[in-house]
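Secondary and tertiary structure notes
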Amino acid sequence: MVLLHGRGSRETDILALADYLPPGPSYAAVRAPIAEGPGFAWFANRGIGRPVAESLAETMAWFRGWLETVAPASRPVILVGFSGGAAFAGGLILDDPERFAGAAILRGTLPFDAGVPTTPGRLQDVPMFVAHGDADAVIPGELLESTWSYLTADSGALTMSLRSACGHSIGQEDVTALAHWITDLQDH
């Protein structure tokens, strides 16, 4: 299980999420490679939730290089990303759906128009989790809606979805549902 922090944050911030997730999986948090204020980012942006395609491709290649040193292709890996980390997780799984055992998109968007395929059926039968907050004022609403629609219909993914009144933060309801999703994945 790889936890991916949001833009301007760092791995130590997202690692705390592991304390609330089920025992069993190994949890790792990775620091994004691009310095961003006091924290780090996964890709250069052309606007909130809109990665620069070349930057996203470069950091995805960097991440896959790191991943192969800690989790060979035979080891199942689930990605859990928050905000910018959600877009990064989405890019990774869209680019290579067979490599990952699933992904959780928490308060974020998929990287549409950023060089990764978002064709119908692209994530056929891939376990996905998406949690959006109706009061999220950070991620543009049209990107949240596109992500929701794609993951719950067009992608072909096996998606567990959660919508709440929350804003741009991970709430207890999100953590509880994510923990159940992870447990269900372990049981199958």
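A brief structural summary. Note on numbering: residues in each chain are counted from 1, in written sequence order. Reporting of local features is limited, given that this is a predicted model, to residues whose pLDDT is at least 70; pairs of side-chain atoms are given and counted only at 80 or more, and all residues count toward the totals for whole chains, interfaces and linings. Hydrogens and water molecules were not included; the side-chain quantities draw on all heavy atoms of the structure.

**Considerations on the side chain of Ser155**
In this text, helices come from DSSP runs of H or I with a minimum length of four residues, and strands from runs of E with a minimum of two, each type numbered from the N-terminal end. Within the secondary structure, Ser155 is located in the loop between α4 (141-154) and β8 (158-164). Within 3.5 Å is the distance limit for a polar contact, defined as a pair of N or O atoms, with the added protein rule that one can donate a hydrogen and the other accept it, and that residues adjacent in sequence qualify only through two side-chain atoms. Polar contacts involving the side chain of Ser155 include one to the main-chain carbonyl oxygen of Leu151, which spans 3.5 Å. Only 3.0 Å separates the side chain of Ser155 from the backbone nitrogen of Ala157, close enough to count as a polar contact. Throughout, a contact is declared for two residues whenever any of their heavy atoms are within 4.5 Å. Residues in contact with Ser155, not counting those within four places in the same chain, are Gly121, Arg122, Leu123, Gln124 and Tyr150.

**Observations concerning the layout of surface pockets**
Site definitions follow a grid-based scheme: protein atoms alone, a 1 Å grid, a 1.4 Å probe that fits but cannot get out for cavities, and for pockets an open set with protein on both sides within 12 Å along at least five of seven lines, plus lining residues having an atom within 4 Å of a point. Grid points are joined across faces, edges and corners, and a volume is the space filled by probe spheres set on the points. Size it by volume and the largest pocket reaches roughly 330 Å³. Surrounding the largest pocket, 18 residues form its lining, Met1, Ser26, Arg75, Pro76 and Val77 being those nearest its centre. Those elements that place two or more of their residues in the lining of the largest pocket are α2 (53-70) and α5 (172-187). Just so you know the grouping, Ala, Val, Leu, Ile, Met, Phe, Trp, Tyr, Cys and Pro go in nonpolar, Asp, Glu, Lys and Arg go in charged, and all remaining residues, Gly too, go in polar. Among the residues forming the lining of the largest pocket, the class breakdown is 15 nonpolar, two polar and one charged.

**Quick notes on the nonpolar core**
In this text, buried Ala, Val, Leu, Ile, Met, Phe, Trp, Tyr and Cys residues form a nonpolar core when linked through side-chain atoms within 4.5 Å. Here's how the labels work: a residue is buried when its accessible area is under 20% of the maximum for its type, exposed when over 50%, partly exposed in between, all with a 1.4 Å probe on protein chains only. If you look at the biggest cluster of nonpolar residues, it comprises 39 residues, and the most contacted ones within it are Phe63, Leu79, Phe88, Leu123 and Met128. Counting residues per element, the ones that place at least two in this core are β1 (2-4), α2, α3 (84-95), β6 (102-106), β7 (127-133) and α4. The greatest single-element share of this core, amounting to seven residues, is contributed by α3.

**A few points about the environment of Glu58**
Checked against the element boundaries, Glu58 lands in helix α2. The class for Glu58 is exposed, based on a relative accessible area of 61%.

**Examining unusual backbone geometry**
Backbone geometry follows two general trends: most residues other than glycine have a negative phi, and most peptide bonds adopt the trans configuration. Even without being glycine, Ser83 reaches a positive phi, approximately 55°. You can call Ser83 buried: its relative accessible area is 11%. One non-glycine residue, Asp113, adopts positive backbone phi at about 55°. Overall, Asp113 belongs to the exposed group, its relative accessible area being 70%.

**Some remarks on the sheet that holds β6**
Following DSSP output, two strands are said to pair if at least two bridges run between them. Pairing is parallel in the open sheet, where six strands are placed in the order β2-β1-β5-β6-β7-β8. Every interior strand has two partners, whereas the edge strands, β2 (28-30) and β8, have only one. The sheet shows a mean angle of 15° between the axes of neighbouring strands, direction not considered. Bridge count for β1 against strand β5 (residues 78-82) is three bridges, and the pairing is parallel. Fitting a line to C-alpha atoms yields each axis, with helices limited to the stretch in contact; the angle taken between N-to-C directions then spans 0 to 180 degrees.

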